[in-house]
Protein chains: 4
Amino acid sequence: MILTSEKTDMSIFEQLESEVRSYCRSFPTVFEKAKGYKLWDREGREYIDFFAGAGALNYGHNNSRMKEKLIEYLSSDGVIHSLDMATSAKESFLRRFHDVILKPRNLEYKVMFPGPTGTNTVESALKLARKVTGRDTVVSFTRAFHGMTLGSLAVTGNAFKRKGAGIPLTHSVSLPYDQYDEHVDSLTLLERYLEDKGSGMDLPAAVILETVQGEGGINVASSEWLKQVEQICRRHGVLLIVDDVQAGCGRTGTYFSFEPAGIKPDIVCLSKSLSGYGLPFAITLIRPDLDEWGPGEHNGTFRGHNLAFVAATEALNFWETDDFAKEIQRKGEKVRTNLERIAEKHSSQNGEVRGRGLMLGISFPQEGFAEEVCKEAFKRGLIMETAGPDSEVAKLLPPLTIDDEGLEKGLSILDESVEAASRSLL
Amino acid sequence: MILTSEKTDMSIFEQLESEVRSYCRSFPTVFEKAKGYKLWDREGREYIDFFAGAGALNYGHNNSRMKEKLIEYLSSDGVIHSLDMATSAKESFLRRFHDVILKPRNLEYKVMFPGPTGTNTVESALKLARKVTGRDTVVSFTRAFHGMTLGSLAVTGNAFKRKGAGIPLTHSVSLPYDQYDEHVDSLTLLERYLEDKGSGMDLPAAVILETVQGEGGINVASSEWLKQVEQICRRHGVLLIVDDVQAGCGRTGTYFSFEPAGIKPDIVCLSKSLSGYGLPFAITLIRPDLDEWGPGEHNGTFRGHNLAFVAATEALNFWETDDFAKEIQRKGEKVRTNLERIAEKHSSQNGEVRGRGLMLGISFPQEGFAEEVCKEAFKRGLIMETAGPDSEVAKLLPPLTIDDEGLEKGLSILDESVEAASRSLL
Amino acid sequence: MILTSEKTDMSIFEQLESEVRSYCRSFPTVFEKAKGYKLWDREGREYIDFFAGAGALNYGHNNSRMKEKLIEYLSSDGVIHSLDMATSAKESFLRRFHDVILKPRNLEYKVMFPGPTGTNTVESALKLARKVTGRDTVVSFTRAFHGMTLGSLAVTGNAFKRKGAGIPLTHSVSLPYDQYDEHVDSLTLLERYLEDKGSGMDLPAAVILETVQGEGGINVASSEWLKQVEQICRRHGVLLIVDDVQAGCGRTGTYFSFEPAGIKPDIVCLSKSLSGYGLPFAITLIRPDLDEWGPGEHNGTFRGHNLAFVAATEALNFWETDDFAKEIQRKGEKVRTNLERIAEKHSSQNGEVRGRGLMLGISFPQEGFAEEVCKEAFKRGLIMETAGPDSEVAKLLPPLTIDDEGLEKGLSILDESVEAASRSLL
Amino acid sequence: MILTSEKTDMSIFEQLESEVRSYCRSFPTVFEKAKGYKLWDREGREYIDFFAGAGALNYGHNNSRMKEKLIEYLSSDGVIHSLDMATSAKESFLRRFHDVILKPRNLEYKVMFPGPTGTNTVESALKLARKVTGRDTVVSFTRAFHGMTLGSLAVTGNAFKRKGAGIPLTHSVSLPYDQYDEHVDSLTLLERYLEDKGSGMDLPAAVILETVQGEGGINVASSEWLKQVEQICRRHGVLLIVDDVQAGCGRTGTYFSFEPAGIKPDIVCLSKSLSGYGLPFAITLIRPDLDEWGPGEHNGTFRGHNLAFVAATEALNFWETDDFAKEIQRKGEKVRTNLERIAEKHSSQNGEVRGRGLMLGISFPQEGFAEEVCKEAFKRGLIMETAGPDSEVAKLLPPLTIDDEGLEKGLSILDESVEAASRSLL
């Protein structure tokens, strides 16, 4: 395994790009090429990608079939940008999404194209929930991450991100997530707050949640907890929004992350891996009777990004049978076993393995340890990032399409990196 | 000129897509192919495009040089999705944008990649302005349109769009735009409100404006007014944000719409035609000393959309000399002259020509008239839309690259459509 | 006229009272006794009172008939504190207020007892207006003063007071008051903002205004302006709230300040001189069909302050005929004539006389001049204060019951004080 | 014991007073006279007062010594209304309050006069805490009641009262009070939310609490809990505000309700029984180094209510020794024993005795039962009210000065009333 040595010239970015830039600080090199689970930088160094665009590249980089379709579409001068006009590419996507995803799962949703990013779909979901119920409060959970625009940020837990708003974030109540603290029963609290006329929490329009919190530290809500939350919402006439931007599109082992729990959210937010090729794309799924939007009441210039429709339609082929889901689950188990082995091997670090499907992580209590692990991994050609409010979790989001060899190589580097971090932070 | 007759099958959209869909109602057909200033639907009907993706297609559909670059990049498995990691494609864009756009205009800005849509750049601008100044209020103007997420929507004037938020929109003050009303001197009011300790308007973080309001009805702020606003802002330590999402990238005859006014905004928002090919892309330009972001304080999954970098870099070639700008101005004059002729010809409709560069419109006082004009135009194979709070303006946003023949054809259809609308609304 | 010389011991106040104390800094002496338009301090110095408790002592200090009634009530062990239970004293007040004030003026209002201060009545008015209309925005005017609790403060113009909230003040829009600026037609702006669907001002629940702004600098709204505001409100279904806390109870020459304009506000706020004896008391008058409060939906411990009911009932005797109103108007004219004479005499100070009835002032453009005048006046035994966002107005609020001798003495001191201020600020 | 029979004429109130009136519905008679723990209505019926002005009459009605002082002050034409000018009466109060209350308890506070009601002192406390810390959030607790103006209402738990605001109530977070739910450790949750950078709760300016929640249902916080809350606040630099409006002035057995816990709040709110005679009065006690108010930054017309100063100064005599406190405690025990006996006697009602000192209640789980008890009590000449979000608690707030005979009579009626309620709600 090569350790990066020559210093890449990052000066253009330092001179011209805002201080807000972030991952280019963790991975200080200039990337040029990508395929499957691999990336290459300008100097030709190869990297294994256990980050996968923060979950936007579930099908790996530059999938050949999608690439072919994209080039074909471009070559034929298909409509590229169409606002929310009808195009053949959009029609195909709608049809396939309905046939391959919604229908077999017995889900009836209207599809909204809210602007092609995660925060846009979350904003559209929050707006609709408030508009339909006539209420203003939305309940979110500790450690939640829903996006950076004002509405989404108000339901996001991270203090550093919240501070960036520059104004108080309102109309949201943050309640404890599943297993937040052993001394606090989160379901009891949610229900008490809803039923108690003196709780001080106004009846909310909606509860918004991630079934597995990615940015928040790979926290997994149990199926039982999700079911209970759904039932509590139903009892009180509160809408349930699942933000499946990161955990959806197969990441946790099923297309929607909430399938194992058997719940049916009122609104679902999808983005990241939706286009399959890393292209900006997002949709909001809406229970039909809640679809009270007026025409154009929420709009946006890039609602009609046809290259994304094309790739997304192709990506749906992965879901025609349940083979793909089974493979994710198998690989997920494999990685989990390995992580547990690594945690045990370096047991003095008290690493705790977390996650579901191929959305996994090891939480390390020592301050800065997880960050050091990722740093050492990068030196060894493995790209992975931390999560959690204190960056305390080393997070693994390999492409779902990765082969066993790739997984093993990456895990082996991770093992070495934990070892190296243990030494350097002694 | 053909009048659309056979009814296109739109049923998939009606069944599966949310009621929020809008333009597919105005243009009820399924588009399939596009090139330059033309679109073709599934039945092979041809349309002249005077809408240009609401300003996202300034260089026309599927520009051949950009298309070539995109296919080349895809073929070579260049990195497509990179979050805010460094890539060669991003580096090239940064370098070219600096060399071709910023440097020659004597503008020093740090470039922020805030998520690839207009509302994302506006949100990032508002957040930064508030964070840096420690103030919460932002002044916007009547008829302003800045986006659909909560922060942007709070500085947007349109009552119907605002209603969609479902909650009160706060921390913003809407003041009269240039020439809003002859009995109200907007500059006096702005300055009085800032200097008067009893005005009831808290000292704002920023003033945000469009130099030409697109969605608001093609309202043009004079250079003198813009200069005065800048000076008032300077005097009171208030930041000036220009939202150049629609009016920028050459639409009004210069790259930035504020160039003729000779002002230097503290923050500039760009999107729409930035990628040149209709791909989602946005940047926020920041006066360097205001770049107080912490790493990752604002983030987003699709900040690194490399196809957009590739096309955008190619698009900058249009701006190497000032020939392109001159051509826009020439065509703008031509269209304006024609619009005035049309207005005069149908003088009973009291049409008023508005706009700057190739961002033009005719305002018709009769309720529903402009909408009827657009409807008649569509029947005749011309795509154009209305603007203004009462949809009272027939708006023209042809591709900047359109040739004279295309312009003439389109204008001729417009003329017929005004005629037809006059008859049908008699 | 004596000039205060010996320094009073204010140390207890400096040691024990909060820095928020204010008037005891302007009038640094310990007051002990009061009668009519006079105050005496502990050292026996006599002061003419042209401040009248900021308008809370319209009937002068310690009116003999009211005093008698109060002592009688106390002696008989009448109920003093009754929350909102029914008491004989409250019944008498309600009956008399209806018979003497409402009925002869053809006003039908339900009376609400909202807590005994100005800000409480304003808060109750704002809450009701929002609740009844289901809207959140309230329009207030530049230089408005409505109180210090969060709801009232949000519709108050003064930047220093607003800052004290410690949080952004929202759900209010401040528009220009009558004659705010010659280049801004305030009525046009109000109406445009209401009718324009793109104005960025959400349809408000109510417009709240003072017919004469006291704290804001003795700004007088013309009857024509008030009538127009009422009509604009009616046309748009917006409620009109008149905050008559300072200008009401006869201060401007009629019981309600809005009588000369012939308008009928939907809600009226009264306090200050309502009890007649300077006792805490406030009522909110509500158009009967708007009285949608649930029992106890707004409450407060001191809604039933029976001493205030007793004095207030007695005070209503002043209003049985219109003699008292005529006297106020006569004295108002007398004072105005004198003020104009003083302004003319010291014409280099460019003093501008303002006001209506016995709510008058001279505005001096020189920074600090009005404050100096009040300081000099205090030295000479005259109590008066400044108003306006820059304390630029020397304000006169003598008791309405003052005799001509008192007025003349006070005005003569004022004259000397302007002279002295001119010398000292040369 | 007489049962009220003849129907009192309440028509004036029904005709002229707003629907918001409340207690006059529970106690439908016109009161005329009061002394000690007794009230008499117009028909001469006598009532025992176990309500004591919702805690505003801790020293009973019309205390003879205070009455004498008030009449004396009125007779001598002492200054009645003084804004925040210095008066002898105010000086005496400040001095006595310092000597009798603050100094012996080793408390150093600056005294602020914020306007004479409970909600005014709470608003001033919230404003100061936010201003001083530069933070916007305030933590309050479930079932809290802090007042009806917007700032206070936002930290009040009751859904019905909150609804009255007509707008969303923001900048506050409601956390579980002591013993809110056995499955939720309220202290753990408070601390976790403060220390967790991903909790979604912004670092608050302050925590505001009542040590015994009156309106919320006579919920008692343990000393241990209060101590822990104080320590948590200290650890995180969060201010602690105790709203002692209802529980203070001796109600729970010590002057301040927080004395037994040994805590020192940063800000204390006092009102209700502060004047001793039921006169409107409130103060805010401020830790000296937090006294960052500018002069007049918070003001109000009735800050200088000198009759209240006079009575309040006299009332302080009760506190010169600790005899009075001991008596309250003794009577509190007596009443508690009796309530437990009553609860046991009617054990099928599952009544639960709550409270501390002479702030007591019985909670009855059956819907409407506590209300029925109070109704029956009124018929028998006993005035008492319910508390709690579902009016589920029959609350006892007898005057602290009541003698044993009065207590016994009242308790005996209560016993009968529970009996009667049991029968009628069978």
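Chain A appears in an unreviewed UniProt entry as Diaminobutyrate--2-oxoglutarate transaminase from Melghirimyces algeriensis. Heading Cofactor (unreviewed entry) of the UniProt record for chain A holds this comment: "pyridoxal 5'-phosphate". Recorded under Pathway (unreviewed entry), the UniProt text for chain A is reproduced unchanged: "Amine and polyamine biosynthesis; ectoine biosynthesis; L-ectoine from L-aspartate 4-semialdehyde: step 1/3."

1. What about the overall build of chain A?
For chain A, the helix and strand inventory stands at 14 helices and 18 strands. Relative to the compact-globule value of 22 Å for 426 residues, chain A shows a C-alpha radius of gyration of 21 Å, a close match. For chain A, the spread of C-alpha atoms along the principal axes amounts to about 60 × 60 × 45 Å. A separation threshold of at least 6 residues defines the contact pool for chain A, and within that pool the share at least 24 residues apart is 74%. Per element, the accessible surface of chain A, about 12900 Å² overall, is 46% carbon and sulfur.

2. Details of the interface of chain B and chain A
Listed per partner, the contact involves 106 residues of chain B and 107 residues of chain A. Both sides of the chain B and chain A interface together cover about 9200 Å² of buried area, and 63% of this is carbon and sulfur. If you sort the residues of chain B by the area they bury against chain A, Leu16, Asp77 and Phe302 of chain B come out on top, with a joint share of 8%. Here chain B and chain A share 10 salt bridges between them. One salt bridge in this structure joins Lys67 of chain A and Asp77 of chain B, with 3.0 Å as the shortest N-O distance. Counting across the interface, chain B meets chain A through 47 residue pairs in polar contact (both at pLDDT 80 or more). Of the residues that constitute the side of chain B that touches chain A, the class distribution is 47 nonpolar, 30 polar and 29 charged.

3. A short note on the interface of chain C and chain D
Counting from both sides, the interface comprises 106 residues of chain C and, opposite them, 106 residues of chain D. Where chain C meets chain D, there are 10 salt bridges. Glu19 of chain C is the partner of Lys110 of chain D in a salt bridge, and the nearest nitrogen-oxygen pair spans 3.6 Å. Summed over the shared surface of chain C and chain D, the number is 47 residue pairs in polar contact (both at pLDDT 80 or more). Across the side of chain C that touches chain D, the residue classes break down as 47 nonpolar, 30 polar and 29 charged.

4. Overview of the pairing of strand E15 (residues 359-363) of chain B
All names here are of chain B. Of all the 5 residues making up E15, 5 are buried; the element is thus mostly covered by neighbouring parts of the structure. The two faces of E15 match: Met359, Gly361 and Ser363 on one face and Leu360 and Ile362 on the other face are all buried. Pairing between strand E14 (residues 352-356) and E15: 5 bridges, direction antiparallel. Note on E15: the bridge partner recorded for Gly355 is Leu360. Here E14 hands over to E15 after 2 residues, with Gly357 in that stretch at a positive phi of 60°. Judged from the 4 bridges that link them, E15 and strand E18 (residues 393-396) form a sheet pairing that is antiparallel. Of the residues in E18, the one forming a bridge with Ser363 is Val393.

Each value, and the rule that gives it
- Residues numbered from 1 in each chain as written.
- Chains lettered and ligands numbered in written order.
- Predicted model: local features only at pLDDT ≥ 70, side-chain atom pairs only at ≥ 80, totals over all residues.
- Heavy atoms only, no water.
- UniProt positions renumbered as here; feature names shortened; annotations may be inferred.
- Helix = DSSP H or I, 4+ residues; strand = E, 2+ residues; numbered from the N terminus.
- Rg over C-alpha atoms; globule rule 2.2 N^0.38 Å.
- Contact = heavy atoms within 4.5 Å.
- Areas by Shrake-Rupley, 256 points an atom, 1.4 Å probe, with all protein chains shown as cover.
- Buried area = accessible area lost by both parts, 1.4 Å probe.
- Salt bridge = Lys/Arg side-chain N within 4 Å of Asp/Glu carboxyl O.
- Polar contact = N/O pair within 3.5 Å; in protein donor to acceptor, adjacent residues only side chain to side chain.
- Nonpolar A, V, L, I, M, F, W, Y, C, P; charged D, E, K, R; others polar.
- Buried < 20%, exposed > 50% of the residue type's maximum accessible area, 1.4 Å probe, protein only.
- Pairing = 2+ DSSP bridges.

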